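Each chain, written out:
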Amino acid sequence: MKQDKTYIFRSYSLSKRLLFIKKELEKYMIIDESKKTIVINKSIEYSECLVLEKFYQDYIVDVDGNVWLNSSSLKQLPKILFNNVIGSFLCFDNNLISLEYSPKIVGDDFYCYDNPGRFTKDSVKKVCIVKDEIIVI
């Protein structure tokens, strides 16, 4: 049975929750203010991407782990300037029609099946270098 992950927050609750998530995430972040870069030394999920999108716009982000965005009812990828994701990038089972804001490089697999965009391996290769498998079906 497929689990539905739906995130519903009131604006105040969302801000309060994001501050808590930000504090926890920063324990794993190396931030270079002068170069506007961030290295995250752990896998991240959608709620942590919301933190990056809100508080670290215009920073180039490397992730030493996976990025888990699957089954999040996303219509677009979070507006994060991902550079290198050492692990896998998982954005399957969403409502994506484009792969804008994909990482530049994915060290493991790129999962993007079950989206209305019906992505192909070639469409992924146009936006991202994937060092292992591209899973589109």
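As a reminder, the structure under discussion sits directly above these lines.
Scope of this entry: the structure provided in the associated data block. (Residues numbered from 1 in each chain as written. Predicted model: local features only at pLDDT ≥ 70, side-chain atom pairs only at ≥ 80, totals over all residues. Heavy atoms only, no water.)

With that out of the way, let us pick up the nonpolar core. Counting residues in hydrophobic clusters, the biggest one holds 36 residues, and the most contacted among them are Leu52, Phe82 and Phe110. Sorting the residues of this core by element identifies α1 (11-25), β2 (37-40), α2 (46-55), β4 (60-63) and β6 (81-85) as the ones contributing at least two each. For this core, the element with the highest residue contribution is α2, accounting for five residues. When neighbours within four sequence positions are excluded, Phe110 is seen to be in contact with Phe89, Cys91, Leu99, Ser102, Pro103, Val124, Cys128, Val130, Glu133, Ile134 and Ile135. (Core = buried A, V, L, I, M, F, W, Y, C linked by side-chain atoms within 4.5 Å. Buried < 20%, exposed > 50% of the residue type's maximum accessible area, 1.4 Å probe, protein only. Helix = DSSP H or I, 4+ residues; strand = E, 2+ residues; numbered from the N terminus. Contact = heavy atoms within 4.5 Å.)

Before going further, it helps to examine the sheet that holds β4. Taken together, six strands build an open sheet; the order of strands is β1-β2-β4-β6-β8-β10 and the sheet is mixed. Of all strands in the sheet, those with a lone pairing partner are β1 (29-32) and β10 (129-130), marking the two edges. Bridge analysis of strand β8 (residues 105-106) against β10 gives two bridges, and the strand direction is parallel. Among the inter-strand pairings, Val106 is bridged to a residue of β10, identified as Val130. (Pairing = 2+ DSSP bridges.)

Our focus in this paragraph is the environment of Ile31. The topology assignment puts Ile31 in strand β1. The class of Ile31 is partly exposed, set by a relative accessible area of 31%. Leave out the neighbours within four places in its chain, and Ile31 touches Thr37, Ile38, Tyr56 and Tyr59.

Okay, α2 next. Among the 10 residues in α2, seven count as buried, and that is most of the element. Taken together, the buried positions of α2 are occupied by Tyr46, Ser47, Glu48, Cys49, Leu50, Val51 and Leu52.

Looking at the element boundaries, Ser34 is found in the loop between β1 and β2. Distance in space between the C-alpha atoms of Ser34 and Ser13 is 32 Å, their sequence separation being 21 residues. One polar contact links Ser34 to Asp32, side chain to side chain, over a distance of 2.7 Å. (Polar contact = N/O pair within 3.5 Å; in protein donor to acceptor, adjacent residues only side chain to side chain.)

This paragraph deals with the pattern of salt bridges. Taken as a whole and judged by the stated rule, the model has three salt bridges. As a salt-bridge pair, Glu24 and Lys27 come within 3.1 Å of each other at their nearest N and O atoms. By relative accessible area, which is 57% here, Lys27 ends up exposed. The salt bridge partner of Lys42 is Glu48, with a shortest N-O separation of 2.9 Å. Glu48 gets classed as buried once you look at its relative accessible area, which sits at 10%. (Salt bridge = Lys/Arg side-chain N within 4 Å of Asp/Glu carboxyl O.)

Interpretation note: all reported values are geometric properties and have no functional meaning in isolation.
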